[in-house]
Amino acid sequence: MLDDVLPLLRCPHCGLSLQAAAASVRCSTGHSFDVARQGYLSLLPGDARLGSADTAEMVAARSRFLGAGHFEPLAGALGAEAARVLEAGPGGAVLDLGAGTGWYLARVLERAPGRSGLALDLSKHALRRAARAHARIGAVAADAWRPLPVREGAAALALSVFAPRNGAELARVLRPGGALIVAAPSDRHLIELIEVLGLVGVDERKRERLGAQLDPHLCPQGVSRLEWALELTRAGVRDIVAMGPSARHAERAALEEAIASLSEPVAVTASVEISLHGRARGEGAG
């Protein structure tokens, strides 16, 4: 799939277009980037900081949890919203910034025949899975907080699902008439586990911070809340903890003891706010 998405990409050093060359990709000035044998392309600059990238353990937990179907309601809602936006919007790819394993992007592409998908993430462990998640996904290593190695106006739709949001860059890579769909946890997301296990909760000012990240580059066009009930085994609880921010902060022994004390099934609330944002006038490609 990388050959199909190469026209959407640009060199992270000089901004020129890229061409395939054996097991690598290069621009006309000679900057060269390796294609991993697992199928993803790294366009990270040499000074990239990988400390915030998801670890192999986090990615494996996410793959197990999503594969068990616990977040199917969210995948369905994103797919329906994306299909509606794409039907009325311009041509172009679907870009997922912070795509992880590519699970959500693959579900969106199922509702968007003929569209290419571009999965961007910092974690090589996640990209190995994203490269195999769908036949129309090209997986690329990139840092969400730096200029994206993506050409202006390459995307008709961008996704940000529990992921970083770089408003200026997302606006730049969207075509006129393009849109961004954001899925972010509400203040009720996993509330039962937060209380019992002492997990990292949602910042009360999260919506305010989201607006600050996206304004003035993207204009809000509506928000809705999706909430559903989960019944988890203790193994499922371990996975949902291990795949999120608490995996970096919780004391493992104490956390495992608390999880082991839970009675199965564990009733948990999933609660997500889904917001739509259009490109502000004058932003992005002309």
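Residues numbered from 1 in each chain as written. Predicted model: local features only at pLDDT ≥ 70, side-chain atom pairs only at ≥ 80, totals over all residues. Heavy atoms only, no water.

Undergrad: Quick one: what's the story with the environment of Pro 90, residue by residue and with numbers?
TA: Relative to the assigned elements, Pro 90 resides in the loop between α3 (72-88) and β5 (93-97). With 84 residues separating them in the primary sequence, Pro 90 and Leu 174 have C-alpha atoms 9.7 Å apart. (Helix = DSSP H or I, 4+ residues; strand = E, 2+ residues; numbered from the N terminus.)

Undergrad: Report on the sheet that holds strand β3 (residues 32-34), specifying residues and quantitative values.
TA: Spatially, the three strands line up as an open sheet ordered β1-β2-β3, and their pairing is antiparallel. Both outer strands of the open sheet, β1 (19-21) and β3, are each paired with one neighbouring strand and no more. In this sheet, adjacent strand axes meet at a mean angle of 35° when their direction is disregarded. (Pairing = 2+ DSSP bridges. Axes fitted to C-alpha atoms, helices over the stretch in contact; angles between N-to-C directions.)

Undergrad: I'd like a rundown of the pairing of β5, residues and numbers included.
TA: Burial of β5 is extensive: five of the five residues sit out of reach of the surface. Judged by which residues are buried, β5 turns out to be covered on both faces: Ala 93, Leu 95 and Leu 97 on one side and Val 94 and Asp 96 on the other are all buried. One ladder, built from four bridges, connects β5 with strand β8 (residues 155-161); its direction is parallel. The partner of Asp 96 across the bridge, within β8, is Leu 159. (Buried < 20%, exposed > 50% of the residue type's maximum accessible area, 1.4 Å probe, protein only.)

Undergrad: Before we move on, can you summarise unusual backbone geometry with the specific residues and values?
TA: Of note, the bond from Asp 215 into Pro 216 is cis; its omega dihedral lies within 30 degrees of zero at 0°. Of note, Pro 216 is situated in the loop between α8 (206-214) and β10 (218-232). Cis geometry is found at the peptide bond from Glu 264 to Pro 265, where omega equals -10°. Looking at the element boundaries, Pro 265 is found in the loop between α11 (252-260) and β11 (266-279). Phi at Ala 22 takes a positive value of approximately 55°, unusual for a residue other than glycine. Along the chain, the position of Ala 22 falls in the loop between β1 and β2 (24-26). Its relative accessible area of 90% is what places Ala 22 among the exposed residues.

Undergrad: Just give me the short version of the packing of aromatic side chains, but keep the residues and values in it.
TA: Across all of its chains, the model carries four aromatic pairs by this definition. Arranged with centres 6.2 Å apart and planes meeting at 50°, the rings of Phe 71 and Phe 162 form a pair that is tilted. On the criterion of sequence distance, the pair formed by Phe 71 in the loop between α2 (56-67) and α3 and Phe 162 in the loop between β8 and α6 (167-173) is long-range, its members being 91 residues apart. Taking 5.5 Å as the distance between ring centres and 85° as the angle between the ring planes, the aromatic pair formed by Phe 71 and Trp 228 counts as edge-to-face. On the criterion of sequence distance, the pair formed by Phe 71 in the loop between α2 and α3 and Trp 228 in strand β10 is long-range, its members being 157 residues apart. Side by side, Phe 71 and Trp 228 carry an identical accessibility label, which is buried. Put simply, the rings of Phe 65, Phe 71, Phe 162 and Trp 228 touch in pairs and so form one group of aromatic residues. Above the face of the Trp 103 ring, Arg 107 is positioned so that its terminal group lies 5.4 Å from the ring centre. (Phe/Tyr/Trp six-rings, centres within 6.5 Å; stacked < 30°, edge-to-face > 60°. Lys NZ or Arg CZ within 6 Å of the ring centre and 35° of its normal.)

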